[in-house]
Amino acid sequence: MKTSKIISTYLHRVTAVEKAPKELIDDLNRDLELEFAAMVQYLQHSQMLMGAPEETFAKELLTHADEEWGHAKKIAERISYLGGTVGMKIGETESAPTTVGMLKIDLKGEEIAIDRYRSRISWCDSHNDPGTAQIIREIIVDEESHRDELLIYLNLKS
Ligand SMILES: [Fe+2]
Ligand SMILES: [Fe+2]
């Protein structure tokens, strides 16, 4: 990396650090924990359904797992950019013995994620942080799509 690029990155981070309150870093770290948990949970659910008549669901849940990992990476990068310490905790995970049970758990997780990200965007909008809000907006579009797919699957099963 060129020296000018290193200096510019450093200055950027210093400026960002001054702007990032602990409240935001803490919330983003909790979001990160929940993204890790969502990834693990989707991986487990997809593999428990693989080979069952619901294999179509299983493949889609595996895609969700990949996308949750993508969200985790985006959030971790943002925490680092803002000068925070990236956490390594994993949120609570849950499974169920039936397809419907697993899908309901996943749906609840998506609804929680959407609520959390809505409040994160509101906070960022009122604290002049359009960069973080933009990243969270990109993530929330995926979460809404996950929620809608789960609702379709649950309708198919009922
Ligand atoms: Fe996510
Ligand atoms: Fe999701």
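This is a predicted model, so every value here is computed, not measured.

### Observations regarding the overall build of the protein chain
Right, on to step 1. Along its length, the protein chain carries 5 helices and 0 strands.
Right, on to step 2. Its helices and strands taken in sequence order, the protein chain reads α-α-α-α-α from the N to the C terminus.
Right, on to step 3. Sorting the 158 residues of the protein chain into buried and exposed places 28% on the buried side.
Right, on to step 4. Across the protein chain, every contact between residues at least 6 apart in sequence was considered, and the portion connecting residues at least 24 apart equals 76%.

### Side note on helix α4 (residues 99-126)
Right, on to step 1. In this model, α4 (28 residues) spans 41 Å end to end at C-alpha, consistent with the 40 Å of a helix rising 1.5 Å per residue.
Right, on to step 2. Within α4, burial applies to Met-102, Leu-103, Asp-106, Gly-109, Glu-110, Ala-113, Tyr-117 and Arg-120.
Right, on to step 3. A positive phi of about 55° marks Asn-128, the residue just after α4.

### Some thoughts on the environment of Asp-142
Right, on to step 1. Looking at the element boundaries, Asp-142 is found in helix α5 (residues 130-157).
Right, on to step 2. Each C-alpha atom, one on Asp-142 and one on Glu-67, is 7.9 Å from the other, the two residues being 75 residues apart in sequence.
Right, on to step 3. Among all residues touching Asp-142, those that are not within four sequence positions of it are Glu-67 and His-71.

### Details of the packing of α4 against α5
For any two helices packed against each other, the geometry comes down to the angle between their axes and how far apart the axes lie.
Right, on to step 1. Two numbers describe how α4 lies on α5: the axes approach to 9 Å, and their chain directions differ by 155°. As the angle between them shows, α4 and α5 are arranged roughly antiparallel. Crossing handedness for the pair α4 and α5: left-handed.
Right, on to step 2. Each residue belonging to the contact of α4 with α5 can be placed in one class, and the counts come to 16 nonpolar, 3 polar and 10 charged.

### What about the confidence of the model for the protein chain?
Right, on to step 1. Here the protein chain averages 92 in pLDDT, and 88% of its residues register 70 or above.
Right, on to step 2. Within the protein chain, the element-level pLDDT minimum falls on helix α1 (residues 3-19), averaging 59, and the maximum on helix α2 (residues 22-49), averaging 98.

### Some points on helix α3 (residues 55-81)
Right, on to step 1. Taking 1.5 Å per residue, 27 residues should reach 39 Å; α3 reaches 39 Å between its end C-alpha atoms and fits that length.
Right, on to step 2. Those residues of α3 that sit buried are Phe-57, Leu-61, His-64, Ala-65, Glu-68, His-71, Ala-72, Ile-75, Arg-78 and Ile-79.
Right, on to step 3. In this fold, the buried residues of α3 make contact with α2, α4 and α5.

The rules behind these values
Residues numbered from 1 in each chain as written. Chains lettered and ligands numbered in written order. Predicted model: local features only at pLDDT ≥ 70, side-chain atom pairs only at ≥ 80, totals over all residues. Helix = DSSP H or I, 4+ residues; strand = E, 2+ residues; numbered from the N terminus. Buried ≥ 20, exposed ≤ 12 C-beta atoms within 10 Å, placed from the backbone. Contact = placed C-beta atoms within 7 Å. Expected span 1.5 Å × (residues − 1). Axes fitted to C-alpha atoms, helices over the stretch in contact; angles between N-to-C directions. Parallel < 35°, antiparallel > 145°, perpendicular 65-115°, else oblique. Left-handed = near helix turned anticlockwise from the far one by under 90°. Nonpolar A, V, L, I, M, F, W, Y, C, P; charged D, E, K, R; others polar. pLDDT = per-residue confidence, 0-100.

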